Amino acid sequence: MSQGLFSADMGQVWALIGAALATFLAGSGSAIGVGMGGRAAAGVLTEKPELFAKVLILQLLPGTQGIYGLLVAFVTLGKIGVLGGTAPTLQQGLLYFAACLPIGVAGLISAIHQGKASAASISLLAKRPDSFGRAMLLPAMVETYAILALLVSILTVSSL
Amino acid sequence: MSVVSMKKIWLCGLESEREALLRLVQKKRVLQVREEEHRHLTSPDVRDAVQAAERKAHAAEQALKILDRYAPDQGGLLASLAGVPDKSYEDWLKESREQADLEAKAAAVIEADKQVTEAKAVIVRTEMLMENILPWKDFPRPMNTEETQSCRILMGTLPGMVPEGEVRAFLAEEVPEAQAYEIEMIDPADSQTALILVCLKDIADEVEDCLRRKGFARPLIQSDKTPKELLAELETQHGEARQKAEEKENWLKERGCDRAGLQFLYDDATLEKGRLEAVAKAGTSKEVFFLTGYVPEKAADALKKELEEKFTCSVEFCPMEEGEAPVLLKNNSFSTPTESVVASYGLPGVGEIDPTSIMSIFYYVLFGLMLSDAGYGLLMVIGCGIALKKFPGMKKGTRQMLTMFFWCGVSTTIWGLLFGSFFGDVIDVVAHTFFGVDPAKEVFRPLWFAPIKKPMRLLIYSFLIGIIHLFTGLAIKGFQLLKQKRVMDFIGGVLSWYLLLIGLILLLLPSDLFASISGSAIPLPPAVQSAAKILAIAGAVGLLLFAAWDKKNFGLRLALGAYEIYGITGWLSDVLSYSRLLALGLATGVIASVINSMGTMFGGGVIGAIIFIVIFLVGHALNMAINLLGAYVHTNRLQYVEFFGKFYEGGGNAFEPMTADTAKYYHMEDI
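### Description of the overall build of chain A
Helices and strands together make up the secondary structure of chain A, namely five helices and zero strands. Start at the N end of chain A and walk to the C end: the helices and strands fall as α-α-α-α-α. For 160 residues, the compact-globule formula gives about 15 Å, and the C-alpha radius of gyration of chain A, at 19 Å, lies well above that figure. In terms of overall dimensions, chain A has C-alpha extents of about 65 × 25 × 20 Å along its principal axes. At a minimum sequence separation of 6, the contacts of chain A that also span at least 24 residues come to 82%. Accessible surface, chain A as shown: approximately 7000 Å² in total, 71% of it carbon and sulfur. Once the 8 positive and 5 negative side-chain charges of chain A are each reduced to a mean point, those two points are 7 Å apart.

### Considering helix H6 (residues 201-213) of chain B
Residues and elements named next belong to chain B. With 13 residues, H6 should reach 18 Å at 1.5 Å per residue; the first-to-last C-alpha distance of 19 Å fits that figure. Residues of H6 that are buried include every one of Ile203, Ala204, Val207, Glu208, Cys210 and Leu211, and no others. One face of H6 carries all of its buried residues, which in axial projection span an arc of 165 degrees. Facing away from the buried surface of H6 by more than 90 degrees, the exposed residues are Asp202 and Arg213.

### Side note on the side chain of Ser121 of chain A
Tracing the backbone shows Ser121 of chain A in helix H4 (residues 90-127). Here Ser121 of chain A is in contact with Leu58, Ala135, Leu138 and Pro139 of chain A, once residues within four sequence places are set aside.

### Some words on the pattern of salt bridges
Residues and elements named next belong to chain B. A complete count under the given rule lists 33 salt bridges over all chains for this structure. Two residues, Glu208 and Arg218, come together in a salt bridge whose shortest N-O distance is 3.2 Å. One end of the pair, Glu208, is in helix H6; the other, Arg218, is in the loop between H6 and helix H7 (227-253), with 10 residues separating them in the sequence. One salt bridge in this structure joins Lys453 and Glu442, with 4.0 Å as the shortest N-O distance. Of this pair, Lys453 sits in the loop between helix H14 (426-434) and helix H15 (455-483) while Glu442 sits in the loop between H14 and H15; the two residues are 11 residues apart in sequence, bridging distant segments of the chain. Because the salt bridges share partners, they merge into one network encompassing Arg152, Asp205, Glu208, Arg212 and Arg218.

### As for the packing of helix H3 (residues 64-77) of chain A against helix H21 (residues 579-599) of chain B
The geometry of a pair of packed helices is captured by two quantities: the angle between their axes and the separation between those axes. Two elements in contact, H3 of chain A and H21 of chain B, have axes whose closest approach is 10 Å; the angle formed by their N-to-C orientations is 60 degrees. Classed by the angle they form, the pair H3 of chain A and H21 of chain B counts as oblique. For the element pair H3 of chain A and H21 of chain B, the recorded crossing hand is left-handed. Judged by residue contacts, Ile67, Tyr68, Leu71, Phe74 and Val75 of chain A of H3 of chain A engage Leu584, Leu586, Ala587, Val590, Ile591, Val594 and Met598 of chain B from H21 of chain B.

### Concerning a negative patch on the surface
A surface patch of like charges, here negative, comprises Glu177, Asp202, Glu206 and Asp209 of chain B. Structurally, the position occupied by Asp202 of chain B is in helix H6.

### Comments concerning the state of the cysteines
Tallied over the full model, the rule gives zero disulfides over all chains. Free of any disulfide, Cys318 of chain B has its nearest cysteine sulfur in Cys12 of chain B, 13 Å distant.

### Things to note about the pairing of strand S9 (residues 288-296) of chain B
Residues and elements named next belong to chain B. Among the nine residues in S9, seven count as buried, and that is most of the element. Looking at chain direction, strand S8 (residues 283-284) and S9 are connected through two bridges and run antiparallel. Considered in S9, the bridge of Thr284 is made with Phe289. The antiparallel hairpin formed by S8 and S9 contains three residues in its connecting segment.

### Comments concerning the interface of chain B and chain A
On the side of chain A, 25 residues touch chain B, which itself brings 26 residues to the contact. Taken together, both faces of the contact between chain B and chain A bury some 2200 Å²; the carbon and sulfur share is 84%. Linking chain B with chain A are zero salt bridges, by the criterion used here. Our count for the chain B to chain A interface comes out at four residue pairs in polar contact (both at pLDDT 80 or more). Elements with a contribution of two residues or more to the side of chain B that touches chain A: H15, H21 and helix H22 (605-647) of chain B. The element contributing the most residues to the side of chain B that touches chain A is H21 of chain B, with 11 residues.

### What about a nonpolar patch on the surface?
Together, Val606, Ile610, Ile613, Val614, Leu617, Val618 and Leu622 of chain B make up a nonpolar patch on the protein surface, roughly 710 Å² of accessible area in all. Positionally, Ile610 of chain B belongs in helix H22.

### Remarks on the nonpolar core
A general feature of soluble globular proteins is that nonpolar side chains tend to end up buried together. The biggest cluster of nonpolar side chains holds 112 residues, and the ones touching the most others in it are Leu58 of chain A together with Tyr363, Phe367, Met404, Leu581, Tyr632 and Phe644 of chain B. Counting residues per element, this core draws most heavily on helix H5 (residues 132-159) of chain A, at 13 residues. For Phe644 of chain B, the residues in contact, after removing those within four places along its chain, are Val342, Tyr345, Pro355, Met359 and Gln639 of chain B. Counting 53 residues, the second largest nonpolar core, distinct from the first, contains Ile110, Val315, Ala660 and Tyr665 of chain B.

### Section: the environment of Leu137 of chain A
As for its placement among the helices and strands, Leu137 of chain A is situated in helix H5. Accessibility expressed as a relative area gives 11% for Leu137 of chain A, which makes it buried. Taking the C-alpha atoms as reference points, Leu137 of chain A and Ser121 of chain A, separated by 16 residues in sequence, lie 9.0 Å from one another. Once you skip the residues sitting within four places of it in the chain, Leu137 of chain A turns out to touch Asn636, Arg637, Tyr640 and Val641 of chain B.

### Details of the packing of aromatic side chains
The relative placement of two aromatic rings is captured by the distance of their centres and the angle of their planes. All names here are of chain B. Following the criterion strictly, the structure yields 36 aromatic pairs over all chains and no others. Taking 4.8 Å as the distance between ring centres and 75 degrees as the angle between the ring planes, the aromatic pair formed by Trp448 and Phe449 counts as edge-to-face. The exposure class assigned to Phe449 is buried, which follows from its relative accessible area of 3%. A network of ring pairs unites the aromatic residues Tyr345, Phe362, Tyr640, Phe643, Phe644, Phe647 and Tyr648 as a single cluster.

### Re helix H5 (residues 164-174) of chain B
Among the residues making up H5 of chain B, those that are buried are Val167, Phe170 and Leu171 of chain B. Axial view of H5 of chain B: buried residues confined to an arc of 95 degrees, hence all on one face.

### Notes on the side chain of His469 of chain B
Residues and elements named next belong to chain B. Among the structural elements, His469 can be located in helix H15. Exposure remark for His469: the relative accessible area of 0% places this residue in the buried category. For His469, the residues in contact, after removing those within four places along its chain, are Phe362, Leu366, Tyr578, Leu638, Gln639 and Phe643.

### Overview of the packing of H5 of chain A against H21 of chain B
For the pair H5 of chain A and H21 of chain B, the least separation of the axes is 9 Å and the interaxial angle reads 70 degrees. When the interaxial angle is binned, H5 of chain A and H21 of chain B end up roughly perpendicular. Crossing of H5 of chain A against H21 of chain B: the hand is left-handed. Contacts from Thr144, Ile147, Leu148, Leu150, Leu151, Ile154 and Leu155 of chain A of H5 of chain A reach H21 of chain B at Ser579, Arg580, Leu582, Ala583 and Leu586 of chain B. When its residues are assigned to classes, the contact of H5 of chain A with H21 of chain B shows nine nonpolar, two polar and one charged.

### Things to note about the environment of Phe602 of chain B
All names here are of chain B. Here Phe602 lies in the loop between H21 and H22. Relative accessible area serves as the criterion here: at 52%, Phe602 is assigned to the exposed category. C-alpha separation for the pair Phe602 and Leu369, spaced 233 residues apart in sequence, amounts to 33 Å.

About the thresholds
- Residues numbered from 1 in each chain as written.
- Chains lettered and ligands numbered in written order.
- Predicted model: local features only at pLDDT ≥ 70, side-chain atom pairs only at ≥ 80, totals over all residues.
- Heavy atoms only, no water.
- Helix = DSSP H or I, 4+ residues; strand = E, 2+ residues; numbered from the N terminus.
- Rg over C-alpha atoms; globule rule 2.2 N^0.38 Å.
- Contact = heavy atoms within 4.5 Å.
- Areas by Shrake-Rupley, 256 points an atom, 1.4 Å probe, with all protein chains shown as cover.
- Lys, Arg positive; Asp, Glu negative; His and termini not counted.
- Charge placed at Lys NZ, Arg CZ, Asp CG, Glu CD.
- Expected span 1.5 Å × (residues − 1).
- Buried < 20%, exposed > 50% of the residue type's maximum accessible area, 1.4 Å probe, protein only.
- Arc of directions from axis to C-beta.
- Salt bridge = Lys/Arg side-chain N within 4 Å of Asp/Glu carboxyl O.
- Axes fitted to C-alpha atoms, helices over the stretch in contact; angles between N-to-C directions.
- Parallel < 35°, antiparallel > 145°, perpendicular 65-115°, else oblique.
- Left-handed = near helix turned anticlockwise from the far one by under 90°.
- Patch = residues over 30% accessible without salt bridge, like charges linked within 9 Å, V, L, I, M, F, W, Y side chains within 5 Å.
- Disulfide = S-S within 2.5 Å.
- Pairing = 2+ DSSP bridges.
- Buried area = accessible area lost by both parts, 1.4 Å probe.
- Polar contact = N/O pair within 3.5 Å; in protein donor to acceptor, adjacent residues only side chain to side chain.
- Core = buried A, V, L, I, M, F, W, Y, C linked by side-chain atoms within 4.5 Å.
- Phe/Tyr/Trp six-rings, centres within 6.5 Å; stacked < 30°, edge-to-face > 60°.
- Nonpolar A, V, L, I, M, F, W, Y, C, P; charged D, E, K, R; others polar.

Dropping the structure here:
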């Protein structure tokens, strides 16, 4: 039996690292993105408090990546003997690890950039309160790539 | 269903009746005045009048804000849903004549508030001065006593607590020539030390400079009255100001009764401004005015009849150019709520049909599929249903939005039942944990299948829905082209695409690639397969030859055609984009299940049940909120980018009639 990270009994550890990455990378991205939106929103609200509901929605848009990460993590935890299922072999554990990467990395980066787009949309809304539909759509474009990553992650995890 | 057809009208009437006529037009809400240059007529200068109306509205608004401070209106959280009260046209006209009274009321409120502010400023100032003078209260001479024949008297304060010895030591060091002086410490307090220093005139300047460096400051008031007299005077001023502020505040607190009038003043001034803006677009002579505008065809004859009956005026219908008319959408009650979705993308332009009714069906279906939980759907249906029933007078925009979410809720409920999701898997979880049902037994079964168990199956269906959605968009494009008799564009831009895409799909279905995604290929008879090949090739050739048929240069035409075929990648990414239907649907269901299993971590029993209920309420409220947002945003995206991208540009101008609906507090009835 070999030693270290690649010994035969490390499968569960690898899977767990994967779940952790999915949660904290995507979650950190969302935190940064929502934070950017929040700062822009607070600025707009000083002048136009009546826009609260609308800017809140725009601020929350980059928050979904964190949820996607959580989702993948939970499905993983439910299969690897933490919340259910059985502890995976080393090979399976590495597969889980790989499956968690897309939503972790794409979630992190897309949430940050969606946050920037959200902040810009909030400024757009401040000048033209009637263009909420358009303002909402621009950040939503960025999210597409997080959804694609989520899809690959979740399809892989649930088929393993 | 469609874009309302419009008529262009010429309206000529008497200047003397202009105001009354425009009021009626405002009530009817069917005439949009057109901006135009009128030859031989002058454009009236309404800037001063507009400003006057704006001032009135502003005064009313300001007065209302003051009243909100002193006599707040008891309105609940749901008050905004209740809408605004109706007011009949006759009442409106009658009250409008009393506008001057209302203006006076607004001015009185604003003036009273100003007096309160001023009185409060006096209170603050007198209090500060009294504090400043207080240390000198026993000084028997006027405050501005400066000098005797040979001495200077320095009155003032030093910051902090300074003992007499310290002052003397300091002076001895800085101004050694000063020997003869007298200090009286008046009031040594923590914050400041008041003192009087008497010294010979020849060294007075040096002594004062030296004290100033220590922070010496003379009293704020220099007066020929004694401190006692001053204090008494300030006391009186203070008392008077206090009394006045209280009096005015009490008066303002009773002015809640003026609120209705002030609100009316605001509305009336706003409508007045609307009429003036219409006047600015009209042409006038000494006796008559003339304007052009647009009226929906259905309302045109009635408007003409009513105007000509009531006023000395002439209404004529006149021809107009294509694409000139402003756009108003008309749909049935099922689709109308999604008009705002279309409008925020852009209203139909020249040659485009109103996509609302077709889009609304997809809108509800896609929204429901993304949220797909019967529990959340029922909450939406019940919440929106109650609000719509209970507040019939709510504003049009709010009503439409709630109606839209009502139908979205219905769709969500249906999809939830199909996929077996009711607050996630709460029924099973509760049955297993609290009622001892065998955990292996499924209690609440999906009517169709559970996406979490067969995600690939739902992925395929998502793509299928996407293809239907996109093909519908392409069909609308074809319809629009045929309607405009652009047959060649139809062949090159629509028909060829259908052939190519259907051919490719039929080729894909029996292939290994499809089998590897869905688990099983769909076998097709060889005849269909060879037909599919022919279709695909015919489509590709059609695109190559006809996509740019209007180009004279044949080489360029082929090159552009080839580029059009490259657009197949766009179709691929469009279809893949519908995978979000699966992703968001799974997100709702899985997170809901996670919340439920977190709730059961403390087991059964009473305490377990209480903890479960708390986690259930908080968790599902959060999950529902975030997924509602997601479903809403991504439904819009699929409509705007994928669906509208196939056929729709928008770019029509909205129909903006003269209307009494710019009023904020009252709704003018149109009977």
